[in-house]
Amino acid sequence: MTAPLDLDRLAAAAAHDPAALEELLAAVRPEVLRVCARFLPNREDAEEACQDALLAVAQGIARFERRAAFRTWLYRIAANRSRSTYQVLRRRFLTESSGPLPERPDPQRTSVVAGTRLDLLDALERLGPQLAEPVALRDVIGLSYAEIAVCLEVPEGTVKSRIHEGRRRLRERLDGENCDLDHRPNK
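Residues numbered from 1 in each chain as written. Predicted model: local features only at pLDDT ≥ 70, side-chain atom pairs only at ≥ 80, totals over all residues. Heavy atoms only, no water.

Observations regarding the overall build of the protein
Quick note on the threshold: A run of H or I in DSSP counts as a helix once it spans at least four residues, and a run of E counts as a strand once it spans at least two, with each numbered from the N terminus. Per-residue and other accessible areas follow the Shrake-Rupley method at a 1.4 Å probe size, with only the shown protein chains counted as cover for residues.
Across its full length, the protein carries eight helices and zero strands. Ordered by position from N to C terminus, the α and β elements of the protein give α-α-α-α-α-α-α-α. Split by element, the accessible area of the protein, about 11,100 Å² in all, is 51% carbon and sulfur.

Some thoughts on the nonpolar core
Condition: Only buried Ala, Val, Leu, Ile, Met, Phe, Trp, Tyr and Cys residues count toward a nonpolar core, and they belong to the same one when joined by side-chain atoms within 4.5 Å. For every residue, the accessible area (1.4 Å probe, protein chains only) is compared with the maximum for its type, and the residue is labelled buried under 20%, exposed over 50%, or partly exposed between those bounds. We call two residues in contact whenever any of their non-hydrogen atoms come within 4.5 Å of each other.
Counting 42 residues, the largest nonpolar core has Val32, Phe39, Ile61, Phe70 and Ile141 as the members making the most contacts within it. If you list the elements that add at least two residues to this core, you get α1 (7-14), α2 (18-39), α3 (43-60), α4 (70-96), α6 (129-140), α7 (145-152) and α8 (156-182). When residues of this core are assigned to their parent elements, the largest contribution, ten residues, is made by α2. Aside from chain neighbours lying at most four places away, what touches Ile61 is Leu10, Ala13, Ala14, Leu21, Leu24, Phe70 and Trp73. Counting seven residues, the second-largest nonpolar core is a separate cluster that includes Ala123, Leu127, Leu131 and Ala132.

Quick word on the confidence of the model for the protein
Worth spelling out the cut-off: Scored between 0 and 100, pLDDT is the confidence that the predictor attaches to each residue.
Residues with a pLDDT of 70 or more make up 80% of the protein, whose mean pLDDT is 80. Within the protein, the lowest mean pLDDT, 66, falls on helix α5 (residues 112-127), and the highest, 94, falls on α3. Across residues 104-115 the pLDDT falls below 50, and counting only partners more than four positions away or on other chains, this stretch makes ten contacts in the model. Counted against residues more than four places away or in other chains, residues 179-187, with its pLDDT under 50, gives two contacts.

Section: the packing of α2 against α3
Rule in force here: Fitting a line to C-alpha atoms yields each axis, with helices limited to the stretch in contact; the angle taken between N-to-C directions then spans 0 to 180 degrees. When an angle is under 35 degrees it counts as roughly parallel; over 145 it counts as roughly antiparallel; between 65 and 115 it counts as roughly perpendicular; any other value is oblique. The crossing is said to be left-handed when, going from far helix to near helix, the turn is anticlockwise and less than a right angle, and right-handed when the turn is clockwise. Polar here means any residue other than Ala, Val, Leu, Ile, Met, Phe, Trp, Tyr, Cys and Pro, which are nonpolar, and Asp, Glu, Lys and Arg, which are charged; Gly is therefore polar.
One can describe the packing of α2 onto α3 by two numbers: an axis separation of 9 Å at closest approach and a directional angle of 140 degrees. When the axis of α2 is compared with that of α3, the two are oblique. Crossing geometry of α2 relative to α3 is assigned as right-handed. Residues Leu21, Leu25, Val28, Arg29, Val32, Leu33, Cys36 and Ala37 of α2 form the contact with α3, whose participating residues are Arg43, Ala46, Glu47, Ala49, Cys50, Gln51, Ala53, Leu54, Val57 and Ala58. Tallied by class, the residues present in the contact of α2 with α3 amount to 14 nonpolar, one polar and three charged.

As for the packing of α3 against α4
Orientation of α3 relative to α4, taken along the N-to-C sense of each, is 130 degrees, at an axis distance of 8 Å. When the interaxial angle is binned, α3 and α4 end up oblique. The two elements α3 and α4 cross, and the hand of that crossing is right-handed. Each of Asp45, Glu48, Ala49, Asp52, Ala53, Ala56, Val57 and Gly60 in α3 lies in contact with α4, whose residues at this interface are Trp73, Leu74, Ile77, Ala78, Arg81, Ser82, Thr85, Leu89 and Arg92.

Things to note about α3
Selection rule: Working rule for helices: expected span equals 1.5 Å times residues minus one. This arc is built from the directions going out from the helix axis to the C-beta atoms. For the purposes of these results, a polar contact is taken to be a pair of N or O atoms within 3.5 Å, where, inside protein, one atom must be able to donate a hydrogen and its partner to accept one; residues adjacent in sequence count only when each atom of the pair is a side-chain atom.
Relative to the 26 Å expected for 18 residues at 1.5 Å per residue, α3 spans 25 Å between its end C-alpha atoms, a close match to the ideal helical length. Within α3, burial applies to Ala46, Ala49, Cys50, Ala53, Leu54, Ala56, Val57 and Gly60. For α3, the angular spread of the buried residues around the axis is 160 degrees, confining them to a single face. Exposed and facing more than 90 degrees away from the buried side of α3 are Glu44 and Gln59. For α3, the elements touching its buried residues are α2 and α4. You can read the cap of α3 off the contacts: a side-chain oxygen lies 2.8 Å from the backbone nitrogen of Glu44, and it is on Asn42.

Examining the pattern of salt bridges
Condition: A pairing counts as a salt bridge when a side-chain nitrogen of Lys or Arg comes within 4 Å of a carboxyl oxygen of Asp or Glu.
Within the structure shown, the criterion is met by ten salt bridges. Between Arg76 and Glu133 there is a salt bridge, and its shortest N-O distance comes to 2.5 Å. Taken together, the residues Arg76 in helix α4 and Glu133 in helix α6 connect sequence positions 57 residues apart. Owing to a relative accessible area of 11%, Glu133 belongs among the buried residues under this scheme.

Observations regarding the environment of Gln51
Of note, Gln51 is situated in helix α3. It is 9.9 Å that separates the C-alpha atoms of Gln51 and Cys36, two residues lying 15 residues apart in sequence.

The following block contains the structure:
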């Protein structure tokens with residue numbers, strides 16, 4: 001479980017106290033790294049996303065309005081930075097490599113869990129942020145519908161419908177990719 005948040009430190013950090021901000025970032029860093037690692041299978045990639053998320057927290061802490069819990073706001077930033085980091089890494093690979101990305105991760109060089117996460121990230125990227133963000137916040141991070149509604153500033157019913165539609169489209173994409181693999185001719 002996560003330690004209780006020091007609200008005085010949070011308020012001081014939001015009021016531009018550099019020492020309080022440094023303490024706050026140090027306190028939440030392990031939690032942010034865990035969230036990033038849920039999205040990104042490679043430790044260095046998760047570290048990169050974590051650093052991006054902490055920078056975003058530092059830059060945005062003064063604008064944190066407390067409509068949502070701090071941790072909900074923090075998780076949203078970490079999830080979005082993880083997805084953004086994946087997109088940057090994917091583009092970098094495409095521009096630096098001589099060929100396209102492999103259709104699916106090589107099972108001999110990638111763990112099943114890592115390959116599944118890469119498939120999920122690819123599928124989430126294709127959904128678009130309106131569906132991907134609530135699905136990621138619910139299914140990867142584990143936020144409640146109410147927390148997501150506050151975080152996204154939409155009614156809870158909208159969150160539920162977006163998650164339902166997002167899961168349906170993810171299932172179609174992921175099942176379609178598995179079917180494509182199952183029906184390939186032997187080489």
